[in-house]
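# Summary of the model geometry
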Amino acid sequence: MAFFSNIKRFHRNNVATLRNSPLAEVSGALGDLGTLLPLMITLAVNGSISLSTTLVFSGFYNLATGVLFGIPLPVQPMKAIAAAAIASHATERETVAAGSVVAVIVLLLSITGLLHWVTRVIPIPVVKGIQFGAGLSLIISAGSSLLQPFAHHWDFPLDNLVWSFAAFLLLILTQKASRFPYALIIFLVGLVLAIIFVAMSAHHHLPHFRFWHPYFRLPWWSADAIGMGIAQLPLTTLNSVIAASALASDLLPDLPAPSVTALGISVAAMNLLGCWFGAMPVCHGAGGLAAQYRFGARSGASIILLGLFKMVLGIIFGETLLDLLTAFPKTLLGIMVIAAGLELAKVGQSLNHGASDLWETSIDQHSHKIHRDISDQERSERWTVMLMTTAGILAFKNDGVGFVAGMLCHWAYMVADWIEKRQSRRSRERTPLLHT
């Protein structure tokens, strides 16, 4: 009953939010394009996924996510699988098989309760460190991609530093206007530039009608596919499930946050459905949620609109969209990714004031929550654990390494506290009684 009552509540909130702030919701829906477009386009060009099927299936996932969870939870590529598939030019059957490997493991972790148990065991400073590290990783990757092509692209008027500087300036000027439709404006400008480029090019073509023809594709569970899936697993469980659930609570405290079990089942269902038709392996993610929130999304209405838009594009235009999407200015996408990274990294500021583990239920008749005061030493230890987690993610470009580093740091502090308390207790026991 609670499940259906939540859906009704989400529906009312989606409708009310869309009526009150339609431009902000539309803008927020486009906030995660900086992550989606580059990976999806490259995989489609390499023949590792079907573009039309990916648009239709991911659009349906967007729609279902907006209805069931009621928050702007993204549907984005599995980055580790995408990176490995691009580097190795993996076949379509191998790419979707890698997604199914992750789906099966995450499903088992979810239905057995292990994922929920892991969440209770992981300390909040480690979770914050994963979010902080993911945010900084987005900023670093966006900055690197922005700087690479400009040595020889200054003479190209449709995608250069001038556009990135203008987009960044607009981003700075609208910092206080949280509902300003920044992503919508940047998307429309980029779309116009891409259309101009394609129209002027002799080797590219504008989209035209080509009805979607789905086909069955049996995944190939090769050693490479299984390896790609295993490499993706830490990123999915930590960032797509655990960190995303925690971030939803931080950003949208007035709405019920999806549990880690629900998010795990969602990730599994999406990939177990799409892997048979050539759809790109997808997951949720803290970075995408931060991006869509940063650009105005406050409800599931934003991604419902995005899902419908993607499904229409996939069904009507399909693979003919590839040239236009490839021509979308990378400079504009890079600035959007930087903004998303900043929004995600900002959640670290609540580590020592406002974090979920610092609230305790009072024992009075009202049972309201009170904030726990912590000592300077505990503040320092929490910061160190968070930064150790972040350092591992940035240094090794791997969420799993950062997670292990943060947990080891946390356990080291726990052992040190245990030893200190044990020594203190022994010293009190050895103190001789005073004689009267």
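Parameters at a glance
Residues numbered from 1 in each chain as written. Predicted model: local features only at pLDDT ≥ 70, side-chain atom pairs only at ≥ 80, totals over all residues. Heavy atoms only, no water. Helix = DSSP H or I, 4+ residues; strand = E, 2+ residues; numbered from the N terminus. Rg over C-alpha atoms; globule rule 2.2 N^0.38 Å. Buried < 20%, exposed > 50% of the residue type's maximum accessible area, 1.4 Å probe, protein only. Contact = heavy atoms within 4.5 Å. Areas by Shrake-Rupley, 256 points an atom, 1.4 Å probe, with all protein chains shown as cover. Lys, Arg positive; Asp, Glu negative; His and termini not counted. Charge placed at Lys NZ, Arg CZ, Asp CG, Glu CD. Axes fitted to C-alpha atoms, helices over the stretch in contact; angles between N-to-C directions. Parallel < 35°, antiparallel > 145°, perpendicular 65-115°, else oblique. Left-handed = near helix turned anticlockwise from the far one by under 90°. Nonpolar A, V, L, I, M, F, W, Y, C, P; charged D, E, K, R; others polar. Phe/Tyr/Trp six-rings, centres within 6.5 Å; stacked < 30°, edge-to-face > 60°. Salt bridge = Lys/Arg side-chain N within 4 Å of Asp/Glu carboxyl O. Polar contact = N/O pair within 3.5 Å; in protein donor to acceptor, adjacent residues only side chain to side chain. Expected span 1.5 Å × (residues − 1). Core = buried A, V, L, I, M, F, W, Y, C linked by side-chain atoms within 4.5 Å. Patch = residues over 30% accessible without salt bridge, like charges linked within 9 Å, V, L, I, M, F, W, Y side chains within 5 Å.

## Side note on the overall build of the protein chain
Looking only at helices and strands, one finds 18 helices and four strands in the protein chain. Its C-alpha radius of gyration of 24 Å places the protein chain within 12% of the 22 Å reference for a compact globule of 436 residues. Expressed as lengths along the three principal axes of its C-alpha atoms, the size of the protein chain is roughly 105 × 50 × 50 Å. A total of 436 residues make up the protein chain; the buried ones form 50% of that total. Partitioning the contacts of the protein chain with sequence separation of at least 6, the portion at a separation of at least 24 is 83%. Summing over all exposed atoms, the protein chain offers an accessible surface of approximately 20,900 Å²; the carbon and sulfur share of this is 69%. With 28 positive and 23 negative side-chain charges, the protein chain shows a spacing of 5 Å between the two charge centroids.

## Topic: the packing of helix α4 (residues 51-69) against helix α14 (residues 301-316)
At their nearest, the axes of α4 and α14 sit 7 Å apart, and the two run at 160° to each other. By the angle between their axes, α4 is roughly antiparallel relative to α14. With respect to the hand of their crossing, α4 and α14 are arranged in left-handed fashion. Along the contact surface, α4 presents Ser52, Leu55, Val56, Ser58, Gly59, Phe60, Asn62, Leu63, Thr65, Gly66 and Val67, while α14 presents Ile303, Ile304, Leu306, Gly307, Leu308, Lys310, Met311, Gly314 and Ile315. In the contact of α4 with α14, the residues fall into 11 nonpolar, eight polar and one charged.

## Thoughts on the packing of aromatic side chains
Considering all chains together, one arrives at eight aromatic pairs under this definition. The interplanar angle of 10° and the centroid separation of 5.4 Å between the aromatic rings of Tyr182 and Phe295 together place this pair among those described as stacked. Separated by 113 residues along the polypeptide, Tyr182 in helix α10 (residues 182-200) and Phe295 in the loop between α13 (286-294) and α14 bring together distant segments of the chain. With relative accessibility at 1%, the residue Tyr182 sits in the buried group. An angle of 25° between the planes, with centres 6.0 Å apart, marks the rings of Phe187 and Phe328 as stacked.

## Some thoughts on the side chain of Arg298
With respect to the element layout, Arg298 can be found in the loop between α13 and α14. No salt bridge is formed by the buried Arg298, whose closest oppositely charged neighbour, Glu25, lies at an N-O distance of 6.3 Å. Side-chain polar atoms of Arg298 contact the backbone oxygen of Tyr293, separated by 2.6 Å.

## Quick notes on unusual backbone geometry
The bulk of non-glycine residues show a negative phi, and the bulk of peptide bonds are trans. For His89, which is not glycine, the phi torsion reads 50° and is therefore positive. Examined against the element boundaries, His89 turns out to sit in the loop between α5 (79-88) and α6 (92-111). For Lys397, which is not a glycine, the phi torsion comes out positive at approximately 55°. Inspection of the secondary structure puts Lys397 in the loop between α17 (376-396) and α18 (399-430). Judged by relative accessible area, Lys397 falls into the exposed class, the value being 75%.

## A closer look at α4
For α4, with 19 residues, the first-to-last C-alpha span of 26 Å sits near the 27 Å given by 1.5 Å per residue. Here α4 lies mainly inside the structure; 14 of its 19 residues are buried. The positive-phi residue at the C-terminal boundary of α4 is Gly70, with phi of around 70°.

## Remarks on the nonpolar core
Ranked by internal contacts, the top residues of the largest apolar core, which has 58 residues, are Leu37, Met40, Leu51 and Tyr182. Take this core: its biggest share by element is eight residues, from helix α3 (residues 33-45). With residues near it in sequence (within four places) discarded, Tyr182 still touches Ser27, Ala167, Phe168, Leu170, Leu171, Thr174, Phe295, Ile335 and Met336. Ile122, Leu247, Val347 and Cys409 belong to the second-largest nonpolar core, a separate cluster that totals 31 residues.

## As for the pattern of salt bridges
A complete count under the given rule lists three salt bridges for this structure. Glu92 is the salt-bridge partner of Arg217, the closest N and O atoms lying 3.2 Å from each other. Note that Arg217 is positioned in the loop between α10 and α11 (223-251) and Glu92 in helix α6, a separation of 125 residues in sequence. A relative accessible area of 31% means that Arg217 is categorised as partly exposed. One salt bridge in this structure joins Lys346 and Glu343, with 3.5 Å as the shortest N-O distance.

## Digging into a positive patch on the surface
A cluster of basic side chains, namely Arg422, Arg425, Arg426 and Arg428, defines a positive patch on the protein surface. Tracing the sequence through the fold places Arg428 in helix α18. Residue classification places Arg428 among the exposed positions, given a relative accessible area of 57%.

## What about the side chain of Ser52?
In this fold, Ser52 is placed in helix α4. Only 3.4 Å separates the side chain of Ser52 from the side chain of Ser50, close enough to count as a polar contact. Those residues in contact with Ser52 that sit more than four places away from it in its chain are Trp212, Gly314, Gly318 and Glu319.

## Brief notes about the environment of Ala167
Inspection of the secondary structure assignment puts Ala167 in helix α9 (residues 161-173). Overall, the relative accessible area of 2% leaves Ala167 in the buried class. Spatially, the C-alpha atom of Ala167 lies 9.7 Å from that of Ile185, the residues being 18 residues apart in sequence. Beyond its immediate sequence surroundings of up to four residues, Ala167 is in contact with Tyr182, Ile186, Leu332 and Ile335.

## With respect to a nonpolar patch on the surface
The grouping of Val104, Leu108, Ile111, Ile265 and Leu272 at the surface amounts to a nonpolar patch, some 410 Å² of accessible area in total. Listed by contribution, the elements that provide at least two residues to the nonpolar patch are α6 and α12 (260-274). Inspection of the secondary structure assignment puts Ile265 in helix α12.

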